[in-house]
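Take a look at the letters that make up each chain.
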Amino acid sequence: MLQMLLGAALMVTTSVLVAGAQEYAVGVQSFLPGIGDLGSVDLISNDPCRGNGRGLDLSDALGAPNDKFVSIGDGGTITLSFPNPIEDRPGADVRVWVSCNVSCEPGDVAASQDGINFVPLGSLATPFFEEYDLGSVGLPFATLIRVHDVPSGPCPGLGLAVDVDTVESLHPGSPVSVSRQSWAAVRTLYQ
Ligand SMILES: [Ca+2]
Ligand SMILES: [Ca+2]
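The model shown is predicted, which means the values in this text are computed figures rather than measured ones. (Residues numbered from 1 in each chain as written. Chains lettered and ligands numbered in written order. Predicted model: local features only at pLDDT ≥ 70, side-chain atom pairs only at ≥ 80, totals over all residues.)

Novice: Even after reading the chapter, I still don't get the overall build of the protein, so can you show me in this structure?
Specialist: When you go through the protein residue by residue, the secondary structure sums to two helices and twelve strands. Ordered by position from the N terminus, the helices and strands of the protein form the series α-β-β-β-β-β-β-β-β-β-β-β-β-α. The burial tally for the protein puts 36% of its 191 residues in the buried class. Considering only residue pairs separated by 6 or more positions, the protein has 78% of its internal contacts joining residues 24 or more positions apart. (Helix = DSSP H or I, 4+ residues; strand = E, 2+ residues; numbered from the N terminus. Buried ≥ 20, exposed ≤ 12 C-beta atoms within 10 Å, placed from the backbone. Contact = placed C-beta atoms within 7 Å.)

Novice: Would you mind going over the nonpolar core with me for this structure?
Specialist: Core analysis: the biggest nonpolar cluster contains 33 residues, and Val94 and Val164 have the highest contact counts within it. Sorting the residues of this core by element identifies strand 5 (68-72), strand 6 (77-87), strand 7 (94-98), strand 8 (107-112), strand 9 (118-124), strand 11 (141-149) and strand 12 (163-169) as the ones contributing at least two each. Setting aside anything within four residues of it in sequence, one finds Val94 in contact with Ile86, Ala111, Leu121, Glu131, Tyr132, Leu134, Ile145, Val167, Ser169 and Leu170. (Core = buried A, V, L, I, M, F, W, Y, C linked by C-beta atoms within 7 Å.)

Novice: Any chance you could explain the sheet that holds strand 6 here in plain terms?
Specialist: For sheets, the rule is that strands pair by backbone hydrogen bonds, running either parallel or antiparallel. Spatially, five strands are ordered 2-6-11-8-9 in an open sheet, and the strand pairing comes out antiparallel. One side of each edge strand has no neighbouring strand; the edge strands of this open sheet are strand 2 (27-32) and strand 9. This sheet shows a mean twist of 25° between the axes of neighbouring strands, independent of strand direction. (Pairing = 2+ DSSP bridges. Axes fitted to C-alpha atoms, helices over the stretch in contact; angles between N-to-C directions.)

Novice: Hey, could you run me through the pairing of strand 8 in this one?
Specialist: Working note: regular strand, side chains alternate between the two faces of the sheet. Where strand 8 and strand 9 come together, six bridges link them in antiparallel fashion. Across the sheet, Ala111 pairs through a bridge with Val119, a residue of strand 9.

Novice: How do you make sense of the environment of Ser30 when you look at a structure like this?
Specialist: Inspection of the secondary structure assignment puts Ser30 in strand 2. On a C-alpha basis, the gap between Ser30 and Gly115 in space is 9.3 Å, while along the polypeptide they are 85 residues apart.

Novice: What am I meant to see in the confidence of the model for the protein here?
Specialist: If pLDDT is low for a region, its predicted coordinates should not be looked at in detail. Per-residue confidence for the protein gives a mean pLDDT of 85, with 80% of residues at or over 70. Across residues 1-19, confidence stays below pLDDT 50; counting only partners more than four residues off in sequence or on other chains, it has 15 contacts. Here residues 175-183 is modelled with pLDDT under 50, and outside its nearest four sequence neighbours on either side it reaches 16 contacts, counting other chains as well. (pLDDT = per-residue confidence, 0-100.)

Novice: Got a minute to help me understand the environment of Val41 in this structure?
Specialist: Following the sequence through the fold, Val41 ends up in strand 3 (residues 38-46). Judged by the 24 C-beta atoms lying within 10 Å of it, Val41 is buried.

Novice: It is not clear to me how unusual backbone geometry should be interpreted in this structure. Could you clarify?
Specialist: Comment: phi is negative for the bulk of residues other than glycine, and the bulk of peptide bonds are trans. Residues Asp47 and Pro48 are joined by a peptide bond in cis, for which omega reads -5°. Along the chain, the position of Pro48 falls in the loop between strand 3 and strand 4 (49-54). Phi is positive for Asp37, close to 55°, though the residue is something other than glycine. By the secondary structure assignment, Asp37 is in the loop between strand 2 and strand 3. Residues other than glycine seldom take positive phi values, yet Phe128 does so here, at roughly 80°. Turning to its location among the elements, Phe128 is positioned in the loop between strand 9 and strand 10 (129-132).

Novice: Got a minute to help me understand the environment of Pro154 in this structure?
Specialist: Take Pro154: it is sitting in the loop between strand 11 and strand 12. Note on Pro154: 11 C-beta atoms within 10 Å, which makes it exposed. A C-alpha to C-alpha distance of 8.1 Å links Pro154 and Ser103, two positions 51 residues apart in sequence.

Novice: Sorry, what's going on with the pairing of strand 4 here?
Specialist: By the bridge criterion, six bridges tie strand 3 to strand 4 in an arrangement that is antiparallel. Among the inter-strand pairings, Asp42 is bridged to a residue of strand 4, identified as Asn52. Count of turn residues in the strand 3/strand 4 antiparallel hairpin: two residues.

Dropping the structure here:
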């Protein structure tokens, strides 16, 4: 039994050492569309910032950044899920990718571990992407990231709703998190 436990401890150490690369949002956990400026957008040019609107396709907010955006509607909210929990490690842990027009249609970002309680991470108004640190708000990990559009942006006529390209997990937790939880559970049983 003890040897098995030591083996588990060694597995945890190995997993920490080989922790993986970035991951991107893979699912829409919930979507509450706002009213106005709702749909998908293909970027034409960053200079000047221009896009072509089309029908709403929520998959445009998933995967690697590709200049295809979901404009979530004025006052809308989209919550995205990931293959693995996002862990707090040194520096920023979450990168939210948005359009060049976000300063005219700002939003805010929050993180959740359970889909019920969301902790604000900060505002979203910097073109292309903005980064957030889970540790700065006391979260050791998060499983969901929510982007909320601040209603009625500061540039009337130039777009109302934040355009979400994707959300990136800079510090995917698995298999580290699973190993840690398993080890903690085993150790509790052993004691
Ligand atoms: Ca961090
Ligand atoms: Ca996209």
